[in-house]
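Summary of structural features
Residue-level listing of the chains:
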Amino acid sequence: MTTTAPLPAGGDDTPFQSALDALDNGYLIFDANDRLVAFNDAIRGLLPQIADLFRVGVSFEALARADAEHTAGSPYAVDGWLTTRLAWHRQPRSSFDKQLPDGRWLRGSDHATSDGGRILVYRDVTDERRHAEEAERYTTLLRGTLENISQGLVAFDEHLRLMMWNARCFELLDLPDTFAQAGTPLVDIVRYQANRGEFGEGEPAVLTTQVMSMFTDPQGATYERETHKGVMLSVKVRPLGKGGFVATFSDVTERKNAEQALRDSEQRYALAATGSNDGLWDWDLVNNRIYLSERWKEMLGCAEDEIGDGAEEWFSRIHPEDVQRVTAQLDTHLSDVTSHFESEHRVRHRDESYRWMLVRGLAVRDGPGGANRIAGSMTDITDRKRAEEQSIHDALHDSLTGLPNRTLFLERVRQALSRVRRTPSARFAVIYLDLDRFKVVNESLGHAHGDDLIIAAARRLEQSLKFGDTVARLGGDEFAILLEDVADKEEATSIADILQKALSAPFTLGTKEIFTTASMGIAHSGEEYLRPEDILRDSELAMYRAKELGKARSVAFDPAMRGTAATPLDVETDLRRALDRGEMALHFQPIISLADGRIRGFEALMRWTHPERGDVPPADFIPLAEETGMIVELGEWVLRNACAQMVAWNQQHAPSAPLEVSVNISGRQFTQIDLVRMVTNSLDSSGLSPNLLKLEITESALMENAQRSVQMLQQLKELDIKICVDDFGTGYSSLSYLHTFPIDTLKIDKSFVRDMGRNRHNLEIVRTIALLAQNLRLDVIAEGVETPEQLAQLRAIGCGYAQGYLFSRALTIEAVDHLLAENRSW
């Protein structure tokens, strides 16, 4: 048996204790009975909260319990921590990190000695942990930036082994994931590409050597080449200071195709400049400082030293109309609602013009939901946006005169009606104007001079109105005029007299002087209209009365002109009782897949059959229901019954693919806080699978409160419910929200589909929307399809679905049963 001489007691002035005190790390030495026999001065500084307990003979458990009471909190937590610590203490060797109340971190090791005792060593690792966390944060930031640039990027070390890359690089080069590992030799990747014919014809070994020489050229290299899939890449290789290189890969296929088509070297240069690198940005949210790359500043025409590092350098340049939307999109990502930040908005250039930019970014988070940094890229998309805006402009304006057309005019009247509802003192009037004897001019001088007269009349009308008024061409020789801030019919009549005088002056068409007059009908907002179509209708009735009275005059609308039509008050009263009386019914219009011509679902539409007035058009009661709030109760009734009916049809007819049902959600319904509950109740009560329900919501309803809309739609999507943007293209005419809202389908408004055959601009708009949806992986439904020609055009441009009178009107439940039994296809 061997014995060990006892250690000197902690604090004794012995050579052993002096040596122990000279150590930077803290030491606690226990004997075989787990009693403290020695310790040094450093341990007092590392564990000051229990320093007074360090004395020879104290037990390890007593020290551990005292330490736990200072750091763990509740008695339950103390016991749990102590149990864990004692378990570690019984192991031959253990190590652990712990944080002190003052924020410092200690790393401890606890191991047994040969005589049955224990030695505990503590050291301060606060700086070490901070450095490791900072390195990890910057690594994440770099990866987020790399994955948000449009180029592929790869870096190799001095031994030509892979050390950094982004997913875009492997996508462009079409490389298997097996190569995406740190340390992969460059020669293995080049040899793989050569073997599959990536570098043209020739011996793969020779081609591999040639390509390797380009990557290792100390001067770097810049070249273009085509991949085996026909993608044209622009490759730039830049050597690194200590060996190795960085290479970037840009997809320039579209640019090269355009160059080949144009065969013009100057245009080739312009396109190459357009396809240049993105601008990069990195925003430190904690200190509110933002790094903007040199390219970012160049895109706005600024030199490096003209823009500082404050966040206002970006936000102060955003167009005032876009600031709220950009802020909402940014907030939804920073609050972890969306996976990334993406926004299309206008940014002010140095020359005071505005450029459209696509800005993408990814937040770096230091905990659940908390973001401390966000970085990304900026791409100039001005040309694309101008083309889109021009297409939308053409759809809302008359091609001959450039005036607003009927669609845009009704939208402006709708806005005027909204202002009246908010501010009753705000009044306006509508004039419906028809040129007298225009048919005589057209037939006598020809259509060209007829067009000249229309254009000249349009200019005179514009010049005769005050700023803020709107003149629109409705078609042929008919115009509509919106007069803002008109107190009464008398004031509107005075303005009509001014217009009549302006038109009475002779027009010079070619060598002839032509005289014309106009018949005008006036309707004033004092009649308390609900819909823009109603006030336009009444002004048209008044215009026809003016023609009856001899033309060349204006007539103010009188309610007697409507005959015996029901008043809005009558409609409202009857509408409140319609559900209870069983006067409401659901009709269903089929939605057709253009891929196979078969029915894929139905849109549920509410119909009202009044006992005295018969069928009441939806346009006559839906706006009223929206205004009075009755739409909420009616909408819930539609949703509940539509879901139940779709379950019945899927069970009865058992189609190869289950039928979907689309239900319209009004703007008023969308603002209800219990909308999600109402939808889930309808699904639960009917048994309809959530993925067979599609909710149709208009653009204007979504954009009323963009941030709230994102949250509401996210809740619906989490339930597997599909979302469709209804009447797409007629609302905000901005495509940027498509990246923000979690939607599935775009429904092209019938006003675009109706005139595709006669109006090439409408055809281009439909084509653009279909292509946009394909790129965003969204479905497209064209509504209002009435002719075989329209159907053929939609199929040709790749539209997925359609509905309209060509296939079927909205049908009763019984009629749908017969239609499904026929199993038709178109």
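Refer to the structure presented above.
Before going into details, it helps to say that this report is about the structure given with it. Since the model is a prediction, treat every value here as computed from it, not as a measurement.

A closer look at the side chain of Q669
Its place among the elements puts Q669 in helix α23 (residues 667–670). Looking at Q669, the relative accessible area reads 3%, which means it is buried. A polar contact of 3.1 Å, which involves the side chain of Q669, links it to the backbone nitrogen of S666. Once residues lying within four places of it in the same chain are set aside, the contact partners of Q669 are I631, V632, G635, E636, N664, L675 and M678.

Some thoughts on the packing of helix α16 (residues 438–445) against helix α17 (residues 447–463)
It is at 6 Å that the axes of α16 and α17 come closest, and there the two elements cross at 140 degrees. In terms of orientation, α16 lies oblique with respect to α17. From α16, F438, V441, N442 and L445 reach across to α17, where they touch H447, H449, G450, L453 and I454.

Let's talk about the pattern of salt bridges
Counted under the stated rule, the structure contains 58 salt bridges. R346 is the partner of E321 in a salt bridge, and the nearest nitrogen-oxygen pair spans 3.3 Å. Taken together, the positions of E321 in the loop between α12 (312–315) and α13 (323–334) and R346 in strand β13 (residues 341–348) put the pair 25 residues apart, joining distant regions of the chain. In this structure E321 comes out as exposed when scored by relative accessible area, which is 61%. Its salt-bridge partner being E388, residue K385 comes within 3.6 Å of it at the nearest N-O pair. Of this pair, K385 and E388 both sit in helix α14 (residues 382–396), 3 residues apart, which is roughly one turn of the helix. Owing to a relative accessible area of 3%, K385 belongs among the buried residues under this scheme. The buried category is assigned to E388, whose relative accessible area is 11%.

Some words on helix α18 (residues 489–504)
Along its 16 residues, α18 runs 22 Å from first to last C-alpha, staying within 8% of the 22 Å computed at 1.5 Å per residue. For α18, every residue scored as buried is listed here: A492, I495, A496, L499, Q500 and L503. Around the axis of α18, the buried residues are gathered within 150 degrees of arc, so they sit on the same side. Set apart from the buried face of α18 by more than 90 degrees, the exposed residues are E490 and K501.

Examining the pairing of β13
Taking burial as the measure, the 8 residues of β13 include 7 buried ones, the bulk of the element. As paired elements, β13 and strand β14 (residues 354–365) share 8 bridges and run antiparallel to each other. Looking at the pairing, F341 lines up with G361 of β14. Taking the residues between adjacent antiparallel strands as the criterion, β13 and β14 are bridged by 5 residues, where E352 takes a positive phi near 75 degrees.

With respect to the sheet that holds strand β1 (residues 26–30)
Judged by pairing direction, the sheet is antiparallel, and its 5 strands sit side by side in the order β2-β1-β5-β4-β3 without closing on themselves. Strand pairing shows two members of the sheet lacking a second neighbour, β2 (36–39) and β3 (93–99), which therefore form its edges. The mean inter-strand angle of the sheet, taken between neighbouring strand axes irrespective of direction, is 15 degrees. As defined by bridge partners, β3 adjoins strand β4 (residues 105–112) across 7 bridges and the pair is classed as antiparallel. Note on β4: the bridge partner recorded for D97 is R107.

Here's the deal with the environment of C799
Summarising the element assignment, C799 is placed in the loop between α29 (788–796) and β31 (801–803). Its relative accessible area of 5% is what places C799 among the buried residues. Put simply, C799 and Q774 are 25 residues apart on the chain and 9.0 Å apart in space, counted from C-alpha to C-alpha. Not counting residues within four places of it along the chain, the set of residues in contact with C799 comprises L594, V780, A782 and L794.

A word on the sheet that holds strand β8 (residues 221–226)
Spatially, 5 strands are ordered β7-β6-β10-β9-β8 in an open sheet, and the strand pairing comes out antiparallel. Bordering the open sheet on either side are β7 (162–165) and β8, each of which pairs with just one other strand. Across the sheet, the axes of successive neighbouring strands diverge by a mean angle of 20 degrees, strand direction being ignored. One ladder, built from 7 bridges, connects strand β9 (residues 232–239) with strand β10 (residues 245–251); its direction is antiparallel. Following the sheet pairing, S234 is matched in β10 by S250. This element, helix α8 (residues 204–215), spans β8, β9 and β10 of the sheet and lies at about 140 degrees to β8.

Things to note about the state of the cysteines
Tallied over the entire structure, the rule returns 0 disulfides. Its sulfur unpaired, C643 is 16 Å from the next cysteine sulfur, which belongs to C724.

Rules used in this analysis
Residues numbered from 1 in each chain as written. Predicted model: local features only at pLDDT ≥ 70, side-chain atom pairs only at ≥ 80, totals over all residues. Heavy atoms only, no water. Helix = DSSP H or I, 4+ residues; strand = E, 2+ residues; numbered from the N terminus. Buried < 20%, exposed > 50% of the residue type's maximum accessible area, 1.4 Å probe, protein only. Polar contact = N/O pair within 3.5 Å; in protein donor to acceptor, adjacent residues only side chain to side chain. Contact = heavy atoms within 4.5 Å. Axes fitted to C-alpha atoms, helices over the stretch in contact; angles between N-to-C directions. Parallel < 35°, antiparallel > 145°, perpendicular 65-115°, else oblique. Salt bridge = Lys/Arg side-chain N within 4 Å of Asp/Glu carboxyl O. Expected span 1.5 Å × (residues − 1). Arc of directions from axis to C-beta. Pairing = 2+ DSSP bridges. Disulfide = S-S within 2.5 Å.

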